[in-house]
Amino acid sequence: MPPDAPPSPDRPDLRTRVLDAAEAIIRARGVPALTLEGAAREAGVSKGGLLYHFASKEALLVALMRRLAQGIEADFRAIVAAQPEGPHRALRACLAFTFDQPDISEAHARAAAVLLAAFHHDPALIDPIREFFAQVRAEVALDGTAPGVAWAVMLAGDGLFMARLFRLYEPNAAELAALRATLHGLLEGGS
């Protein structure tokens, strides 16, 4: 099968293969190591095929950040949909996002590595992620929760994610249960 062959159930489309290849390069060696030639080679596509979708390294990085933001948003939206209607729905989803994933998934670890590398290269590249978190904050603001409580819940979740991601510390089961109970208590008392 030629490298630029059409997608099949076993083979993602060219654009996805190139984005996966760019992500792999960034994770292994950082943004400076990413070249269009290297991404094409890693993806098993021609440089012309790559250029059809991405005219430059910056265009490739922007597309990678957009895909990352879309993945995070899809995960979050699924968790929100699983929450019962009512007050604090968005914040309950934030808590579920934090506590119902006991281990950082490989996908989230990959995403975080790419996010950090892109931020180091050009902080503006992570604007799609910032836009998603601005949407979450807007939803939380409409959620009926006192702002200080909302911020405490969101920042506790973000801090726990970063602690796990960087392996700074891992709370044990009792500590996680206590933290979750405390945050739920804040949430229920913060209407």
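Looking at an unreviewed UniProt entry, one finds the chain named TetR/AcrR family transcriptional regulator and attributed to Pararoseomonas baculiformis.

K.L.:
Explain the UniProt feature "DNA-binding region" (unreviewed entry) in the chain here, please?
P.N.:
The UniProt record marks residues 35-54 with the feature "DNA-binding region" (unreviewed entry), using the residue numbering of this structure. Summarising residues 35-54: 75% helix, 0% strand, and an end-to-end C-alpha distance of 11 Å.

K.L.:
I keep staring at the environment of Ala24 and nothing clicks. Help me out?
P.N.:
By the element assignment, Ala24 lies in helix α1 (residues 14-29). Put simply, Ala24 and Glu131 are 107 residues apart on the chain and 24 Å apart in space, counted from C-alpha to C-alpha.

K.L.:
Which parts of the structure should I look at to understand the confidence of the model for the chain?
P.N.:
Do not read the predicted coordinates in detail wherever pLDDT is low. Averaged over all residues, the pLDDT of the chain equals 87, while 91% of them reach at least 70. Per-element confidence in the chain is highest for helix α2 (residues 36-43), whose mean pLDDT is 96, and lowest for helix α6 (residues 106-121), whose mean pLDDT is 81.

K.L.:
Help me understand α1, please; the structure alone is not making it clear to me.
P.N.:
In an α-helix there are 3.6 residues to a turn, and that puts residues three or four apart on one side. Between the first and last C-alpha of α1 there are 22 Å, a value that for 16 residues agrees with the 22 Å anticipated at 1.5 Å per step. Those residues of α1 lying buried are Leu14, Arg17, Val18, Leu19, Ala21, Ala22, Glu23, Ile25 and Ile26. Along its buried surface, α1 packs onto α2, α3 (47-53), α4 (57-82) and α6. Gly30 sits one or two positions beyond α1 and adopts a positive phi of about 90 degrees.

K.L.:
Explain the UniProt feature "domain: HTH tetR-type" (unreviewed entry) in the chain to me, please; I cannot follow it from the model alone.
P.N.:
The sites that UniProt annotates as "domain: HTH tetR-type" (unreviewed entry) are residues 12-72. Overall, residues 12-72 shows 77% helix and 0% strand. The separation of its end C-alpha atoms is 20 Å.

K.L.:
Can you help me understand unusual backbone geometry in this one?
P.N.:
Excluding glycine, residues mostly have negative phi values, and the peptide bonds linking residues are mostly trans. Positive phi, close to 70 degrees, is recorded for His88, a residue that is not glycine. What makes His88 buried here is its relative accessible area of 3%. Positive phi, normally seen in glycine, also occurs at Arg167, with a value near 55 degrees. Checked against the element boundaries, Arg167 lands in the loop between α8 (147-165) and α9 (173-189). Residue Arg167 is classed as exposed on the basis of its relative accessible area, which comes to 74%.

Calculation rules
Residues numbered from 1 in each chain as written. Predicted model: local features only at pLDDT ≥ 70, side-chain atom pairs only at ≥ 80, totals over all residues. Heavy atoms only, no water. UniProt positions renumbered as here; feature names shortened; annotations may be inferred. Helix = DSSP H or I, 4+ residues; strand = E, 2+ residues; numbered from the N terminus. pLDDT = per-residue confidence, 0-100. Expected span 1.5 Å × (residues − 1). Buried < 20%, exposed > 50% of the residue type's maximum accessible area, 1.4 Å probe, protein only. Contact = heavy atoms within 4.5 Å.

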